[in-house]
Structure formats: C-alpha cells, structure tokens
Amino acid sequence: MDTYKAEGIILQTNDFGDANRVITIFTKEFGKIDANAYGCRRTKNPMSGAMQMFNHVAVELSKGNKVDTIRDADVINFYGNLTTDLERLAYASLLFEIVNRMTLPRQQEIPVFDLLKNFLPVLNERNPRIAALIGICQFMKLSGIQLNFTECVHCGKKISGDAFISLIDGGAICPDCLQISTEATNYPEFLRTTFEIMLAFDGQAKLFFKPRQISAAERFFLNYVQSVLGKELNSVKFIRQIQNF
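Quick caveat, the model's predicted, so the values are computed rather than measured. (Residues numbered from 1 in each chain as written. Predicted model: local features only at pLDDT ≥ 70, side-chain atom pairs only at ≥ 80, totals over all residues. Heavy atoms only, no water.)

**Things to note about the environment of V75**
Applicable threshold: Only runs of H or I of at least four residues qualify as helices and only runs of E of at least two qualify as strands under DSSP, and these elements are numbered from the N terminus. Partly exposed residues are those whose accessible area sits between 20% and 50% of the maximum for their type, while under 20% is buried and over 50% is exposed, using a 1.4 Å probe and protein chains only. The criterion used for residue contact is that any of the two residues' heavy atoms lie within 4.5 Å.
In this fold, V75 is placed in strand β5 (residues 68-77). On the basis of relative accessibility, which here comes to 41%, the residue V75 falls in the partly exposed class. Each C-alpha atom, one on V75 and one on K158, is 46 Å from the other, the two residues being 83 residues apart in sequence. Dropping the residues within four chain positions of it, V75 is found in contact with G49, A50, N55, H56 and V57.

**A word on the nonpolar core**
Condition: Residues grouped as a nonpolar core are buried Ala, Val, Leu, Ile, Met, Phe, Trp, Tyr and Cys residues, joined through side-chain atoms within 4.5 Å.
By size, the foremost hydrophobic cluster in this structure holds 60 residues, and its most contacted members are L94, F149 and M198. Among all residues touching F149, those that are not within four sequence positions of it are C137, I165, A172, Y187, R192, F195, L199, F220 and F221. Y4, I23, I25 and V57 belong to the second-largest nonpolar core, a separate cluster that totals 17 residues.

**So, the pairing of strand β2 (residues 20-27)**
The condition is simple: For two strands to be treated as a pair, DSSP must find no fewer than two bridges joining them.
Extensive coverage of β2 is indicated by the burial of seven of its eight residues. As paired elements, strand β1 (residues 3-16) and β2 share eight bridges and run antiparallel to each other. Residue pairing in the sheet places I9 in a bridge with F26 of β2. The loop that links β1 with its antiparallel partner β2 comprises three residues; one of these, G17, has a positive phi angle of about 65°. As paired strands, β2 and strand β3 (residues 31-37) are joined by seven bridges and run antiparallel to one another. Bridge pairing links F26 to K32 in β3.

**Digging into the pattern of salt bridges**
This is how the line gets drawn: We define a salt bridge as a side-chain nitrogen of Lys or Arg found within 4 Å of a carboxyl oxygen belonging to Asp or Glu.
The full count for this structure, using the stated rule, is ten salt bridges. Measuring nitrogen to oxygen at the nearest pair gives 3.7 Å for the salt bridge that ties R41 to D15. With a gap of 26 residues between them, R41 in the loop between β3 and β4 (56-62) and D15 in strand β1 connect regions that are remote in the sequence. Residue R41 is classed as partly exposed on the basis of its relative accessible area, which comes to 31%. Classification of D15 as partly exposed rests on a relative accessible area of 47%. Across the pair D68 and R106 runs a salt bridge, and its minimum N-O distance is 2.5 Å. Pair noted here: D68 is in strand β5 and R106 is in the loop between α2 (86-101) and α3 (110-125), with a separation of 38 residues, a long-range link.

Below, the structure written as structure tokens:
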C-alpha cells in the first residue's frame, strides 16, 4: 500500500454512510486533495477531532484507485472560534468556499496554502467580515484573476479620485477611456483605497474601515466572484440567513 504524508488545511467536509466523511484538504505539498476518512464521525475514532473544517492538520494518506484514504491525522492548529461563532463560521466558509471553487485538484500552490494558514488566526480573532474580504482580495490576486484596481486597463494611467470599473474589461477605467469601456460602473475613490489597503495587509497591521467601505467591498467581491463562477455561493446564502436572523 503506497502511503504519503502531507500538511494541510481542511477546506470542506461531506458526510457519507453512517460514520464517514469525504475531506477536501488543501495541502502544502500536493495542492487540493479529496480523500475518504472512514469512521471519523464516531466519537471514539482517533481522527474524529482532526477531521473538522478549518483545522490545520498533518495527515497520512494511502493512495486509492479513485480516491485516497486518510489513515491518520494530527491537529497542528485548531481555531475554536470559527465553529462556535456563527458570524465567524459564515465568513470563514465564504473564503474557504471561494478557494475550493477556484482551485484545481492536485496542483501545488504554496502561496495559496500559506494564505489559508495565515488567515485562519486572523479570522479566528479579528473582525471576520473584514478578514474574509481581505483574504478573498489577496487570493484573487494570487490566482491571477484579480482586476486592476489602480491603473486604467485601457491607457495604463494611474487612477486618482473617482473613476469607473468594469468586470468585463478587467478593472479600473479612467474618465478619458469611459467611452471605449464595456458595462462600466462607478468606482469611487474610497473603494479603490479600500482595495489598496486590503492588498497590502500583512496580518498584523491595525485596520480602520468605515462601514460603507466594507459594505461596498463585500458587494463588489461577491458580484465579481459569482460572475466568474456563474452561480451563487452556498456561503452567501448562509451569511444572508444570519443577517436576517
């Protein structure tokens, strides 16, 4: 039986059978992997505590014909607030669902792994809504599908003041190029400044955002991500339920 070890962050879990789970884990060594964790939902199973969303784990796996199997798992870091606080759970799920939907299996992407690992404590302790939006912003940049927020996509001129932005054109548009843009919308200076701060965030800096900045950034990223995916995110429905509650 071929076995291998990996360090990873659990992106998603899906129950099957009476006590089993399919675990989607983003590993440092191999990228995103789906693997079966048999019996892990039984309380006496040694892996029951490790096979939970948002855990940072070390796992041993065996190769299968279609799906690999997790044979052993140890928790490296556990972030309890993410499972006991509904708002933290919802916004952490948003970031993790986007990463899961926008990454391909078995492609090593150490920067994405590092982003998840570094943002888990931020999501666990700081404002989860802000933390998730910053994580999404930085992930989109790593993925190479981030819009250009600071220069006009048509003429390259640095944006200053209020301008315009287009998802189809790929980013910001200066007033001089508005006539050649496609489906441009208003891009106020405060939103551009918000994106610049988010892209520069290192996990330690103090952040000061006005409510309208966060609301505008959230609307923008959800519209953008869902337009790329072509469907609504499950975590967005969860967030709306919490907000309505």
